[in-house]
Amino acid sequence: MAKMWEGRFTKELDKQADDFNSSLHFDCKMYKQDIKGSMAHATMLSAQKIISESDADIIISTLQSILDDIDSGALDFSAGGEDIHMFVEAELTKRIGDTGKRLHTARSRNDQVALDIRLYLRDETNEIITLLKDLIGAIAEQAEQHQSTIMPGYTHLQRAQPIAFAHQILAYAMMFTRDITRLSDALKHMNYSPLGSCALAGTTFDTNREMVAEALDFDGITLNSIDGVSDRDFCIELMAAYSTIMMHLSRFSEEIILWSSWEFKFIELDDSYTTGSSIMPQKKNSDMAELVRGKTGRVYGNLMATLTMLKGLPLAYNKDMQEDKEAIFDSIETVKKCLSIFAPMIATMRVLKENMYKAAQEGFINATDLADYLVRKGLPFRSAYKIVGQIVGYCIENGLVLDNMPLPKYKEFSELFDNDLYNEISLETCVEKRISAGGTGKASIETQIEYVKSFC
Ligand code: ARG
């Protein structure tokens, strides 16, 4: 195929080099953004009298027909081309001849690609935000149903203190609200149009960059044309935010996998989100959660690949930067797939309340509450802590738990103990009495549910 830049060359590009160079097979994803950008550019060129109004009209209506044809499948990318920008321009010229050749006035592919990728990332990131909202909604619904479902809370994966199941999963909802904020902030940082930076130095034509920026819903224009074409900070920022989402999903996955195990049996995932084994008939595996945990690595990898790709680049545009797309597109696809599977998986999971309760009963999960009981009776906390430690030791030696050690025995450890201690250390009391703001008590859970739902 003839190249746009063939004027200077006497020989055709080697076939293998041509394939190596071409990005069309992945940047064709940005065809909508490329065409919309070109329409805004043509409108501006005509408003500034750089091209005629009639040329602009023909260019814009033909770009629209190209867009419609790609949408409908009437036009595919099999004709090939170096990239989506060349493909669209070649198609335009094929359809309207010389008029099409006027579109690239006062523009370069360097600012064009910088524009397209910003537009594409804005659209995709908004979709990711919507998926995060769905997931928060699914968590909030489970939390509403399990405000008084008691489970052991863990530190070091050791049973620590009783908590409401709602409290545990709302912790994840909080992470996802921060992810939304992080993405929204990143979108704000990147919402400046680089179009008009041209190759690197700006142009001799009297363009109106603000007009293009406004037409494409940007908050303004980039102020340095060299930076405009060479900046990919927004890719890094977004990929870091995508990585953080994956890290959150991966931690959540880890718990879902543990909770689904025979050892825990705290939840049961719906059949539609689990798989069996080809040999072991009893197995019900949490493959979806495992895959999400596994895919986290590639999203981190894409971030590292892009950071590394950029680190040695001199200003301004270098072809290395074409590598930004496959990495970030893969991260977007991965995050979207993981979020889309997670929300219904959480919505349909069955919570095995009794098992959670039993796990909370066994052991000494209410030991802190017993110490707090003595503190309320006047003992300094450190002394109360020591007495309860001795009681726990005694219970372990004698096969007892705090809930069934008789009062006379308690009194041997401290005269401050009375019959009311049993109520004070019941699991329900332990949870309900955690009234501090942000704690596992009822009022805090209600506040949390309301807060996370405000994001949906
Ligand atoms: N396909 C290129 C990319 O994605 C577009 C910009 C190419 N510019 C150039 N002068 N070769 O980065």
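Cut-offs and rules
- Residues numbered from 1 in each chain as written.
- Predicted model: local features only at pLDDT ≥ 70, side-chain atom pairs only at ≥ 80, totals over all residues.
- Heavy atoms only, no water.
- Core = buried A, V, L, I, M, F, W, Y, C linked by side-chain atoms within 4.5 Å.
- Buried < 20%, exposed > 50% of the residue type's maximum accessible area, 1.4 Å probe, protein only.
- Helix = DSSP H or I, 4+ residues; strand = E, 2+ residues; numbered from the N terminus.
- Contact = heavy atoms within 4.5 Å.
- Phe/Tyr/Trp six-rings, centres within 6.5 Å; stacked < 30°, edge-to-face > 60°.
- Lys NZ or Arg CZ within 6 Å of the ring centre and 35° of its normal.
- Near = heavy atom within 4 Å.
- Polar contact = N/O pair within 3.5 Å; in protein donor to acceptor, adjacent residues only side chain to side chain.
- Areas by Shrake-Rupley, 256 points an atom, 1.4 Å probe, with all protein chains shown as cover.

**Student:** Looking at this structure, I do not really get the nonpolar core. What am I missing?
**Tutor:** Where a protein is soluble and globular, its nonpolar side chains tend to be buried together. Counting residues in hydrophobic clusters, the biggest one holds 113 residues, and the most contacted among them are Leu 121, Tyr 242, Leu 249, Phe 252 and Ile 328. Counting residues per element, this core draws most heavily on helix H6 (residues 109–145), which supplies 16 residues. Dropping the residues within four chain positions of it, Ile 328 is found in contact with Ile 117, Leu 121, Cys 235, Leu 238, Met 239 and Tyr 242.

**Student:** I tried to follow the packing of aromatic side chains on my own but got confused; where do I start?
**Tutor:** How two aromatic rings sit relative to each other is given by the distance of their centres and the angle of their planes. The final tally for this structure, using the stated rule, is 14 aromatic pairs. Here the aromatic rings of Phe 252 and Phe 342 are separated by 5.5 Å at their centres, their planes lie at 45°, and the arrangement is tilted. Residue Phe 252 is found in helix H10 (residues 233–260), and its partner Phe 342 is found in helix H12 (residues 323–348); the two are separated by 90 residues along the sequence. In this structure, Phe 252 and Phe 342 share a single accessibility class: buried. Above the plane of the ring of Phe 218 lies Arg 122, whose end atom (NZ or CZ) is 4.9 Å from the centre. Across the ring face of Trp 262, the terminal group of Lys 265 is positioned such that the distance to the ring centre comes to 4.3 Å.

**Student:** In this structure, what is going on with the site of the ligand? I would like to understand it.
**Tutor:** The ligand sits among Ser 23, Asp 27, Asp 83, His 85, Arg 109, Asn 110, Val 113, Tyr 317, Gln 322 and Lys 325. Between the ligand and Arg 109, the relevant distance is 3.4 Å, taken from a nitrogen atom to a side-chain nitrogen or oxygen of the residue. Contact between the ligand and Gln 322: a nitrogen atom at 2.7 Å from a side-chain N or O atom of the residue. Calculation on the ligand without its partners gives an accessible area of 340 Å², and the protein chains cover 87% of this total.

Taken by themselves, the reported measurements are silent on function.
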